Each structure stands twice: as structure tokens, then as C-alpha cells.
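Next come the chains, spelled out residue by residue.
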Amino acid sequence: MSSDYIVVVETKGQQDLDVPLKMQRLRQWWEDVNALRVGMNYHFVYVNEAGYKQYAPKSFADLLAGFREYKNDYPAIFQ
């Protein structure tokens, strides 16, 4: 397994009713692209404005640690 990662960061300024559907589709894309084993591992994180203001992450690692609403299975390097 590759140790290289690409993380897709989905951001929203407001809560839309279709966010859960969009995140479901992003999760499906993530599963599909990783199943191809193209030498890179893809992950994603959903960041909403309210949570960003509340948690005020100081680093990318903080962002990954604080925003797990739609994805809780990040590899150990992100924890």
C-alpha cells in the first residue's frame, strides 16, 4: 500500500439539505478510486463553517482530527 495520500476537503459555508447526499456520493467515489489501487490513497473530509469557527484548527492534522462527521476511518498517519 502506498504511503502517499491525497485528501479531498469539501467545504460548506451553510448547511444545505443535500449535504448528506453529496457526502454519500463522495464516499462512494472515494471507495471506487481506492479500489483501483492506482498507487495513491485518497481520503476526504467535510468541513462546515460553523465547525471551522468552533474548532479553529491550527493545522491540517487538526482539521482531519476535528471533522469526522462523514468519515471516521482515516489512516493512522492522520490521527
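Scroll up for the structure.
Here goes a summary of the coordinates provided. A quick note: this is a predicted structure, and the numbers were derived from the prediction, not measured.

What follows deals with the nonpolar core. In terms of nonpolar packing, the biggest core is built from 8 residues, these being Val 19, Met 23, Leu 26, Trp 30, Val 33, Tyr 42, Phe 44 and Tyr 46. Among the elements that take part in this core, helix H1 (residues 19–35) stands out by supplying 5 residues, more than any other. Judged by nonpolar contacts, the second largest core, of 6 residues, contains Val 7, Val 47, Leu 64 and Phe 67.

Take Asn 34: it is sitting in helix H1. Of note is the side chain of Asn 34, whose polar atom sits 2.8 Å from the backbone oxygen of Tyr 42. If sequence neighbours within four positions are ignored, Asn 34 has contacts with Met 40, Asn 41 and Tyr 42.

On to H1. Between the first and last C-alpha of H1 there are 24 Å, a value that for 17 residues agrees with the 24 Å anticipated at 1.5 Å per step. Turning to H1, its buried residues number three or more, namely Val 19, Met 23, Leu 26, Trp 30, Val 33 and Asn 34. Buried residues of H1, seen end-on, are gathered within an arc of 95 degrees and therefore sit on one face of the element. Facing away from the buried side of H1, by more than 90 degrees, are the exposed residues Leu 21, Gln 24 and Ala 35. Here the buried face of H1 lies against strand E1 (5–12) and strand E2 (41–48). Arg 37 sits one or two positions beyond H1 and adopts a positive phi of about 50 degrees.

The next point concerns the environment of Gln 28. Inspection of the secondary structure assignment puts Gln 28 in helix H1. The partly exposed category is assigned to Gln 28, whose relative accessible area is 37%. Of the polar contacts made by the side chain of Gln 28, one reaches the side chain of Asp 32; its length is 2.8 Å.

Thresholds, definitions, all that
Residues numbered from 1 in each chain as written. Predicted model: local features only at pLDDT ≥ 70, side-chain atom pairs only at ≥ 80, totals over all residues. Heavy atoms only, no water. Core = buried A, V, L, I, M, F, W, Y, C linked by side-chain atoms within 4.5 Å. Buried < 20%, exposed > 50% of the residue type's maximum accessible area, 1.4 Å probe, protein only. Helix = DSSP H or I, 4+ residues; strand = E, 2+ residues; numbered from the N terminus. Polar contact = N/O pair within 3.5 Å; in protein donor to acceptor, adjacent residues only side chain to side chain. Contact = heavy atoms within 4.5 Å. Expected span 1.5 Å × (residues − 1). Arc of directions from axis to C-beta.

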